[in-house]
Structures are given as C-alpha cells and as structure tokens.
Amino acid sequence: QVQLVESGGGLVQPGGSLRLSCATSGFTFRAAAMSWYRRAPGKEREWVADITSSGISPNYADSAKGRFTISRDNAKNTLYLQMNSLNSEDTAVYYCNRGSHGSSNIYWGQGTQVTVST
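Note that the coordinates shown come from a computational prediction; the quantities given were computed from them, not determined experimentally.

### Let's talk about the packing of aromatic side chains
Evaluation of the coordinates by the stated rule reveals three aromatic pairs. A centroid spacing of 6.4 Å and a plane angle of 55 degrees characterise the contact between Phe 27 and Phe 29, whose relative ring orientation is tilted. A relative accessible area of 1% means that Phe 29 is categorised as buried. The interplanar angle of 85 degrees and the centroid separation of 5.0 Å between the aromatic rings of Tyr 37 and Trp 108 together place this pair among those described as edge-to-face. Taken as a pair, Tyr 37 in strand E4 (residues 34-39) and Trp 108 in the loop between strand E9 (92-98) and strand E10 (112-116) lie far apart in primary sequence, 71 residues in all. Classification of Tyr 37 by relative accessible area gives buried; the value is 7%. An aromatic cluster is defined as three or more aromatic residues linked by ring pairs; in this entry it consists of Tyr 37, Tyr 95 and Trp 108. Just above the ring of Trp 108 sits the side chain of Arg 45; from NZ or CZ to the centre is 3.7 Å.

See the structure below:
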C-alpha cells in the first residue's frame, strides 16, 4: 500500500541545481517524519536529510549542509529536496522514505538518478 515515487533527477553540470520530488501515498504523510537518502556507485545507501512531520527542525548530513534544502507540502503528500552547487560526489540514486535518520525501512521505491558531470 505504501507508495514512494521519486522524480526530478537527471544530468546536471557541476555547480548546477536540481529539485527532487517524492510523491507518497498509502500512509498518513502529514504525521510522518521523512528523509532523503542516496546510494552512489559502489557505496552503501547513506542518509542525506530529514524533516519532522510539521516541517520544522530539518537535519542534514555534513555533505549536504549549506547546499541542500529539504521541505514538504503536506497538502500534496509530497517531499522535496532542493540541491544547489552540485558536484560529482553528489552523483547517486536518491530515495525518499518515512522516518528520520536511523529509521528502519523495509520498502524502498525505485529512486531517481542524479548525475553531475560535464
């Protein structure tokens, strides 16, 4: 029943920006903390950012601080990740999921590919 559909990824040049979206259904989005994760080639999945159900107190991995902004629209059941000043180290498949960092998640969506390259 839980659906997580990431979109907005693509090819971007270094220094560029992308805005990722996560459309959700099958749970009470407005009551759920949410996170963004990513998995780079040859690496394990890592947590990027999280946000409380009300949209306050966002947290970021050190690699994302100052460049990424997590937000949500509870009326649309949608989570967002604005990514600025992208570099090659940001190349990864990006996933959204329920909960804050450290949460245990069984179900994962397909993710959306972000490639930063010239």
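What follows continues from the structure just given.
### Some points on the environment of Phe 29
Note on placement: Phe 29 falls in the loop between strand E3 (18-25) and E4. Spatially, the C-alpha atom of Phe 29 lies 9.1 Å from that of Lys 76, the residues being 47 residues apart in sequence. Dropping the residues within four chain positions of it, Phe 29 is found in contact with Thr 24, Met 34, Arg 72, Asp 73, Asn 74, Asn 77, Thr 78 and Leu 79.

### Regarding the pairing of E9
Counting buried positions along E9 gives six out of seven residues, so the element sits mostly inside the fold. Of the strand pairs in this sheet, E4 and E9 are connected by six bridges, and their pairing is antiparallel. For Arg 38, the partnering residue across the bridge sits in E9 and is Tyr 94.

### Quick look at unusual backbone geometry
In this structure, Ser 57 is a non-glycine residue whose phi angle is positive, near 55 degrees. Along the chain, Ser 57 falls in the loop between strand E5 (46-51) and strand E6 (59-60). Taking the relative accessible area as the measure of exposure, Ser 57 reaches 47% and is therefore partly exposed. The backbone of Asn 77 shows a phi angle near 55 degrees, a positive value even though the residue is not glycine.

### Comments concerning the sheet that holds strand E2 (residues 10-12)
Strand order in the open sheet made by the six strands is E2-E10-E9-E4-E5-E6, with mixed pairing throughout. The open sheet is flanked by E2 and E6, the only strands paired with a single partner. For E4 and E5, the ladder comprises five bridges, and the chain directions are antiparallel. Each residue of the ladder has a partner; that of Trp 36, found in E5, is Ala 49.

### Focus: the state of the cysteines
Following the criterion strictly, the structure yields one disulfide and no others. Between the sulfur atoms of Cys 22 and its disulfide partner Cys 96 the distance amounts to 1.9 Å. Taking the torsion about the S-S bond as the criterion, the Cys 22 to Cys 96 disulfide, at about 60 degrees, is right-handed. Residue Cys 22 is located in strand E3, and its partner Cys 96 is located in strand E9; the two are separated by 74 residues in the primary sequence. The class for Cys 96 is buried, based on a relative accessible area of 0%.

Scoring rules and cut-offs
Residues numbered from 1 in each chain as written. Predicted model: local features only at pLDDT ≥ 70, side-chain atom pairs only at ≥ 80, totals over all residues. Heavy atoms only, no water. Phe/Tyr/Trp six-rings, centres within 6.5 Å; stacked < 30°, edge-to-face > 60°. Buried < 20%, exposed > 50% of the residue type's maximum accessible area, 1.4 Å probe, protein only. Helix = DSSP H or I, 4+ residues; strand = E, 2+ residues; numbered from the N terminus. Lys NZ or Arg CZ within 6 Å of the ring centre and 35° of its normal. Contact = heavy atoms within 4.5 Å. Pairing = 2+ DSSP bridges. Disulfide = S-S within 2.5 Å.

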